[in-house]
Number of protein chains: 2
Amino acid sequence: MSLVIFSADDLSAMEKNYRTRFINSLPGFKPANLIGTQNKLGKTNLAIFTQVIHLGANPSLMGILVRPAASPRHTLENLMETGYFTINHVNSTIIEKAHQCSARYEKEISEFDAVGLTPYHSKNIIAPYVAEANIKIGLKMQQIIPISLNDTQLVVAEILEIIMEDDFVLEDGYIDIEKADSVAVSALDSYHSTKRKARLSYAKPGKDLSRF
Amino acid sequence: MSLVIFSADDLSAMEKNYRTRFINSLPGFKPANLIGTQNKLGKTNLAIFTQVIHLGANPSLMGILVRPAASPRHTLENLMETGYFTINHVNSTIIEKAHQCSARYEKEISEFDAVGLTPYHSKNIIAPYVAEANIKIGLKMQQIIPISLNDTQLVVAEILEIIMEDDFVLEDGYIDIEKADSVAVSALDSYHSTKRKARLSYAKPGKDLSRF
């Protein structure tokens, strides 16, 4: 083993799929989420996303990044029709079904049926949740921000509801997503369970951290 | 334990710090990265970011989300001066030092000195790497995209180089970040090591997945 430097030229010279795996590995561990949507007629869609980010706590905003290459963009089409979507944490019992949602199904096929997951509807959100997910988040789209450099779009959305077991929430507001069996992803196809090393106290200059 | 629904009103009614922890937990597992920058005079800065995302493989783009509340925004100020930054994976041996970088140090204090990490300079990037990080990425800022709804900014940057041991890279381009001891974060303060469940094959309609 030896230390190597990969340059921008090295990246350009990589075979396309090799580079895609390589570059997708670089951010580190990513969340694994299923995004549920439906069209005006109620036809459901389910897609796996690893680009889901926290945008802010007040107002409560989350973002998802929609890629141009991301197959036919049924998620975005449905979003334009209804404005609503759900974020559902992938857990270790549904990894294969979640990953299978990345296959390029025709628009008339619902991934729920194709992979064997169960839609779950709440009266507040015009989009299906995944019944098998332990943490379900319902959102309403607020804004679509184009990223012109590579034709991707950041969908900014407000959180309308969260559905989960109450004992995932600790007394300080932290949600124990490890207890909820949520998994992490690396690159495009590797799924990981986690083991907590530590929670650390709020950091201040000159003050030692404590673990809890 | 029982299933509960948290509404938007419930979120609004939460105490501020409670809500911050709660909302920050929702995306799922996040990458743990240290962002290295320096000003025109060479004064270094190091900040921990969990909002680092893959934006695209061709061109090779990554994004970091800069928050208005994020203490004095030394990272953004340095970025405006030099245009360069580094992304350094946090590994299990430097969790405490990385977390301590979230303390609000005065601008004249370098977090490298304050927390005991070692700056490492490459000739291509006007920003310090973290010597102790096993995966180091050097980038040049391309664009700052404002997210008007909550005054955050998405910094879009091109990857110029990656420095790591060659045996982290598998033959298909996948980088084994678990082997590199990279950690995941949940919410604001919980650090997790990982255990691979499976890599899954490229999904196609009607085709069974294989594990590898």
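These remarks concern the structure in this document. Being a predicted model, the structure only gives us computed values, none of them experimental.

## Some thoughts on helix α2 (residues 16-25) of chain A
Given 3.6 residues per turn, any residue in an α-helix points the same way as the ones three and four places further on. The complete set of buried residues in α2 of chain A reads Arg 19, Phe 22, Ile 23, Asn 24 and Ser 25 of chain A. With a side-chain oxygen lying 3.1 Å from the backbone nitrogen of Asn 17 of chain A, the N-terminal cap of α2 of chain A falls on Glu 15 of chain A.

## Some thoughts on the interface of chain B and chain A
On the side of chain A, 106 residues touch chain B, which itself brings 106 residues to the contact. For the chain B and chain A pair, buried surface summed over both sides reaches about 9300 Å², with 62% attributable to carbon and sulfur atoms. The three residues of chain B that bury the most area against chain A are Leu 26, Phe 29 and His 54 of chain B, which together make up 8% of that side's buried surface. A salt bridge links Glu 96 of chain A to Arg 211 of chain B, with the nearest nitrogen and oxygen atoms 2.4 Å apart. Counting every contact that joins chain B to chain A gives 56 residue pairs in polar contact (both at pLDDT 80 or more). Here the side of chain B that touches chain A is composed, by residue class, of 53 nonpolar, 32 polar and 21 charged. Both strand β11 (residues 152-165) of chain A and strand β1 (residues 3-7) of chain B contribute to a ladder of five bridges, which runs antiparallel. When the bridges of β1 of chain B are listed, Glu 161 of chain A appears paired with Ser 7 of chain B.

## Brief notes about the packing of aromatic side chains
Here the structure, examined in full by the defined rule, presents four aromatic pairs over all chains. On the numbers, 6.2 Å between centres and 55° between planes, the contact of Tyr 120 of chain B with Tyr 129 of chain B is tilted. On the basis of relative accessibility, which here comes to 32%, the residue Tyr 120 of chain B falls in the partly exposed class. If you follow Lys 140 of chain A out to its NZ or CZ, it ends over the ring of Tyr 84 of chain A, 5.4 Å from the centre. Stacked on the ring of Tyr 120 of chain B, the Lys or Arg Lys 136 of chain B has its end atom at 5.5 Å from the ring centre.

## Points about the relation of the copies chain B and chain A
Placing chain B over chain A gives an RMSD of 0.0 Å and needs a rotation angle of 180°, together with 0.0 Å of translation along the axis. Each copy turns onto its partner about a two-fold axis. Within chain B, the C-alpha atom positioned nearest to the axis of rotation is that of Thr 194 of chain B, 2.1 Å from it. Same-surface contact between copies: 100% of interface residues of chain B are shared with the interface of chain A.

## Overview of the nonpolar core
By size, the foremost hydrophobic cluster in this structure holds 68 residues, and its most contacted members are Phe 22 of chain A together with Phe 22 of chain B. Ignoring any residue separated from it by four or fewer positions in sequence, one finds Phe 22 of chain A in contact with Phe 6, Leu 11 and Met 14 of chain A together with Ile 162, Met 164, Val 169, Gly 173 and Ile 175 of chain B. Listed in part, the 22 residues of the second largest apolar core include Ala 103 and Val 115 of chain A together with Ala 198 and Leu 200 of chain B.

What counts as what
- Residues numbered from 1 in each chain as written.
- Chains lettered and ligands numbered in written order.
- Predicted model: local features only at pLDDT ≥ 70, side-chain atom pairs only at ≥ 80, totals over all residues.
- Heavy atoms only, no water.
- Buried < 20%, exposed > 50% of the residue type's maximum accessible area, 1.4 Å probe, protein only.
- Helix = DSSP H or I, 4+ residues; strand = E, 2+ residues; numbered from the N terminus.
- Polar contact = N/O pair within 3.5 Å; in protein donor to acceptor, adjacent residues only side chain to side chain.
- Contact = heavy atoms within 4.5 Å.
- Buried area = accessible area lost by both parts, 1.4 Å probe.
- Salt bridge = Lys/Arg side-chain N within 4 Å of Asp/Glu carboxyl O.
- Nonpolar A, V, L, I, M, F, W, Y, C, P; charged D, E, K, R; others polar.
- Pairing = 2+ DSSP bridges.
- Phe/Tyr/Trp six-rings, centres within 6.5 Å; stacked < 30°, edge-to-face > 60°.
- Lys NZ or Arg CZ within 6 Å of the ring centre and 35° of its normal.
- Least-squares fit on C-alpha atoms with pLDDT ≥ 70 in both.
- Core = buried A, V, L, I, M, F, W, Y, C linked by side-chain atoms within 4.5 Å.

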